[in-house]
Amino acid sequence: MSVRRLLAPPPGWTVETDVVVVGSGVAGLTAALHATRAGRVVLVTKVLVDAGSTRWAQGGVAAALGADDSPAEHERDTLAAGVGLCDVAAVRVLCEEGPGRLRELIALGAAFDRDPSGELALTREGGHHRNRIVHAGGDATGAEVSRALVAAVRAHPGIELIEHALVLDLLQTADGRAAGITLHVLGEGTQDGVGAIRARAVVLATGGMGQVYSSTTNPPVSTGDGVALALRAGAAVTDLEFVQFHPTALYLGTDATGQQPLITEAMRGEGAFLVDAAGDRVITAADHPLADLAPRDVVAKAIYRRMLDDGVDHVYLDARGLGEEQLLQRFPTIVARCREAGVDPVVDVIPVAPAAHYASGGVRTDLDGCTSVPGLYACGEVACTGVHGANRLASNSLLEGLVFAGRIGQRLETDLPPQGEPVPDLDPPVLLDPAIRPELARAMTEGAGVLRSAESLAATAKTLDALESRVSVTPEPDAWEATDLHTVASALVAAALRREETRGAHWREDFPEPSDAWRGHLVTTLTGTTFEEIA
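Described below are features of the structure shown in this document.

Thresholds applied
Every chain is numbered on its own, with residues counted from 1 as its sequence reads. At least 70 in pLDDT is required for a residue's local features to be given in this predicted model, at least 80 for side-chain atom pairs to be given and counted, and no such filter applies to totals for whole chains, interfaces and linings, which use all residues. With hydrogens and water set aside, each side-chain value is computed from the structure's full complement of heavy atoms. Only protein chains enter the accessibility calculation, which uses a 1.4 Å probe; a residue whose area is less than 20% of its type maximum is buried, one above 50% is exposed, and one in between is partly exposed. Only DSSP runs of H or I with at least four residues qualify as helices, and only runs of E with at least two residues qualify as strands; both kinds are numbered from the N terminus onward. Should any heavy atoms of two residues lie within 4.5 Å, those residues are considered in contact. Think of a nonpolar core as a cluster: buried Ala, Val, Leu, Ile, Met, Phe, Trp, Tyr and Cys residues, connected wherever their side-chain atoms sit within 4.5 Å. Two strands make a pair as long as DSSP finds a minimum of two bridges between them. To obtain each axis, a line is fitted to C-alpha atoms, and for helices this fit is confined to the stretch in contact; angles are then taken between N-to-C directions over 0 to 180 degrees. For classification purposes, angles smaller than 35 degrees are called roughly parallel, those larger than 145 roughly antiparallel, those between 65 and 115 roughly perpendicular, and all remaining angles oblique. By definition, any crossing whose near helix is turned counterclockwise from its far helix by less than a right angle is left-handed, and any crossing with a clockwise turn is right-handed. Side-chain classes are defined by residue name, with Ala, Val, Leu, Ile, Met, Phe, Trp, Tyr, Cys and Pro counting as nonpolar, Asp, Glu, Lys and Arg as charged, and the others, Gly among them, as polar.

## Topic: helix α5 (residues 225–232)
Inference 1: When you tally the buried positions in α5, you get 8 out of 8 residues, the bulk of the element.
Inference 2: Buried within α5 we find Asp225, Gly226, Val227, Ala228, Leu229, Ala230, Leu231 and Arg232.
Inference 3: Buried residues in α5 make contact with β8 (165–172), β11 (201–204), β13 (237–238), β19 (362–364), α13 (477–498) and β22 (520–525).
Inference 4: Positive phi appears at glycine 234, one or two residues downstream of α5, with a value of about 95°.

This is the structure:
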């Protein structure tokens, strides 16, 4: 990949600020609040301020708060889930600073569920050996986290919010430092159409890339815009091959595409279990000591194997043993969504199948969120801080957003870069036909999904190469999103094809075992992909 910018009209308006934050999930909102200590902040978001992935998070926030728990135990579980590829220093930061960041969120007004004694109610999810998941509204944690942070952002006089804004490219100085962004805003007034925000620091918090697949738990806004922007700007991205497929999305039929309802694994934490059509358990303690509560990659693979063996496209989650009272109190959102689909979890088993859920990789950062491009920072799902390794531990994502967004704010408070003078990018631009999206998603699902091989990945790469020739000359949001999706899909497939082993969320049927030779990271830039071994 060598293209440096999207085809777009020149900016028709300009805003100046100290810090621009792109994205309004837990990471973006938290970063904006903390960045106000450094100066003026503009927060731009793709649709509405609460439309990102955070609001869909069901399970909760993992933090070592229980009397029988500790940050060291949380660290051990996180490292185990990451299968040898986690950055130990980053994991330690996550687990040690997590409880404090969660308390900050509670101080902002986030109302988490409490037990009868008034203490925070803690549950367990896959890969955790302790009850350490804080939740809200039973299974509506993300909505409550988003509500509290959005209220705080709206009330802060130092934050300007711009909604319906699709980020396009990074403004850069002659020596490559970040100097702001270009973006497209839908709406009335002067900030309409393509414009520019000049800033001393740019924070990417754009979320994931789930829409690169036909079936995903991600909302429609998750089109990989931040990773694509970073690649075009010359930043390093890493671990893109590790896409976590959530084991249990509600199965809505063979024709269902786009965002699929999530069935949180907290249900399994409360006692639900997976079965096939004959009622046999899909995963047992003989397969993994934690059985149904094994890490997500283990459970997703067990489901996929059973589906392949039985020639079916889904299995079932049996939550009937929880009883109606517990189901309605603890999982009201899931019960309602299942009933909309004609399934009553009180009396029926729930049809489920794996769906693309979370990108463990992303824009490479250090412990303060700095990327390889000076002045460009990243946090949340768009970033690769190193905490997830080859597979994210359940409910560490909201925590990562809180912790590392806070660290970016601290860094900017003491080390805000000077405002640079952006220079025009004279490289030829790129823009693809938005009609490529269904074919792209289908190729990614079939060849670079849960189960991969050299043959399937090569076929996907061939399709992506062919799609690259279908260009557009009409700059508009659908074409920009399609181009971003193609950019991240191409980088993902290149990394997945190169990693000849099975590890965590990366499953190669032609290389079914992990290999010490591949204990390292594949790092992608404009110039290609290189392997960096872990010492």
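## Let's talk about the nonpolar core
Inference 1: Formed by 67 residues in total, the largest nonpolar core has its most connected members in Val44, Leu170, Ile181, Ile197, Tyr213, Val227 and Met444.
Inference 2: Look past the residues within four positions of valine 227 in its chain and what remains in contact with it is Met209, Val237, Leu240, Gly362, Val363, Val382 and Val488.
Inference 3: Counting residues in each nonpolar core, the second largest holds 51 residues, with Leu105, Leu120, Ala152 and Val203 among its members.

## Some points on the pairing of β22
Inference 1: When you tally the buried positions in β22, you get 5 out of 6 residues, the bulk of the element.
Inference 2: The hairpin formed by β22 and strand β23 (residues 528–533) contains 2 residues between the paired strands.

## Quick look at the sheet that holds strand β7 (residues 159–162)
Inference 1: Here 5 strands make up an open sheet; going across it, the order is β7-β3-β2-β11-β20 and the pairing parallel. The open sheet terminates on both sides in strands that have one partner only, identified here as β7 and β20 (376–378). Averaged over neighbouring strand pairs, the angle between their axes works out to 20° when direction is ignored.
Inference 2: Both strand β2 (residues 19–22) and strand β3 (residues 41–44) contribute to a ladder of 4 bridges, which runs parallel.

## Remarks on the pairing of strand β10 (residues 193–198)
Inference 1: Within β10, 6 of the 6 residues are buried, which leaves the element mostly enclosed by the surrounding structure.
Inference 2: Pairing of strand β1 (residues 14–16) with β10 involves 3 bridges; the strand directions are parallel. In the sheet register, glutamate 16 faces β10, and the bridge partner there is arginine 198.
Inference 3: Relative to β10, strand β9 (residues 178–185) runs antiparallel, the two being bridged by 6 bridges. Residue pairing for β10: leucine 183 is matched across the bridge by glycine 195.

## Notes on the packing of helix α11 (residues 437–447) against α13
Inference 1: Put simply, α11 and α13 touch, their axes get as near as 10 Å, and they point 20° apart. By the criterion of interaxial angle, the relationship of α11 to α13 is roughly parallel. In this structure, α11 crosses over α13, and the sense of that crossing is left-handed. When α11 is examined against α13, the residues Arg437, Leu440 and Met444 are found in contact with a partner set consisting of Glu481, Ala482, Leu485, His486, Ala489, Leu492 and Val493.
Inference 2: For the contact of α11 with α13, the per-class residue count stands at 7 nonpolar, 1 polar and 2 charged.

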